[in-house]
Amino acid sequence: LEIFRKVNNILGTELCGIDFISTDITKSFKKTICCINEVNSAPHWGIHYYAENTLDIPIKFLKLYFEISEI
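Just so you know, these numbers come straight off a predicted model, no measurement behind them.

Draft legend 1. Layout of the packing of aromatic side chains. Considering all chains together, one arrives at 1 aromatic pair under this definition. When the ring of F4 is compared with that of F20, the centres are 5.4 Å apart and the planes differ by 85°; the resulting orientation is edge-to-face. On the criterion of sequence distance, the pair formed by F4 in helix α1 (residues 2-11) and F20 in strand β1 (residues 17-22) is long-range, its members being 16 residues apart.

Written out as structure tokens, the structure reads:
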């Protein structure tokens with residue numbers, strides 16, 4: 001989360017899509033080989049829907065981001 005917050009602060013955005021590549025996502029970005037591949041003006045949910053044929057991931061994000069309990 002630290003690196004993603006820094007990217008948002010640097011770009012002055014509240015919400016963006018960050019493509020992050022890591023050799024081990026369970027480790028801190030400071031302790032593994034990783035990079036930010038690109039930053040988009042908004043997250044793209046299509047890949048999550050088509051990967052699992054569900055809207056669970058976008059709905060969970062929207063609930064957290066907008067602090068709502070039901071969609």
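The discussion continues.
Draft legend 2. Structural detail: the pattern of salt bridges. Going through the model one piece at a time under the given rule, you end up with 3 salt bridges. In this structure, the salt-bridge partner of E2 is K30, at a minimum N-O distance of 3.4 Å. One end of the pair, E2, is in helix α1; the other, K30, is in the loop between β1 and β2 (34-40), with 28 residues separating them in the sequence. By relative accessible area, which is 38% here, E2 ends up partly exposed. The class of K30 is exposed, set by a relative accessible area of 57%. Connected through shared salt-bridge partners, E2, K6 and K30 make up one network.

Draft legend 3. Main features of a nonpolar patch on the surface. Taken together, L15, L62, Y65, F66 and I68 make up a surface patch of nonpolar side chains, about 410 Å² in accessible area. Tracing the backbone through its elements, the reader meets L62 in helix α3 (residues 56-66). Given the relative accessible area of 31%, L62 is considered partly exposed.

Draft legend 4. Main features of the environment of I33. Summarising the element assignment, I33 is placed in the loop between β1 and β2. Excluding anything up to four places from it in sequence, I33 contacts I21, S22 and T23.

Draft legend 5. Structural view of the side chain of N8. Mapped onto the fold, N8 is located in helix α1. Given a relative accessible area of 17%, N8 falls into the buried group. Setting aside residues up to four positions removed in sequence, N8 forms contacts with T13, E14, L15 and C16.

Analysis parameters
Residues numbered from 1 in each chain as written. Predicted model: local features only at pLDDT ≥ 70, side-chain atom pairs only at ≥ 80, totals over all residues. Heavy atoms only, no water. Phe/Tyr/Trp six-rings, centres within 6.5 Å; stacked < 30°, edge-to-face > 60°. Helix = DSSP H or I, 4+ residues; strand = E, 2+ residues; numbered from the N terminus. Salt bridge = Lys/Arg side-chain N within 4 Å of Asp/Glu carboxyl O. Buried < 20%, exposed > 50% of the residue type's maximum accessible area, 1.4 Å probe, protein only. Patch = residues over 30% accessible without salt bridge, like charges linked within 9 Å, V, L, I, M, F, W, Y side chains within 5 Å. Areas by Shrake-Rupley, 256 points an atom, 1.4 Å probe, with all protein chains shown as cover. Contact = heavy atoms within 4.5 Å.

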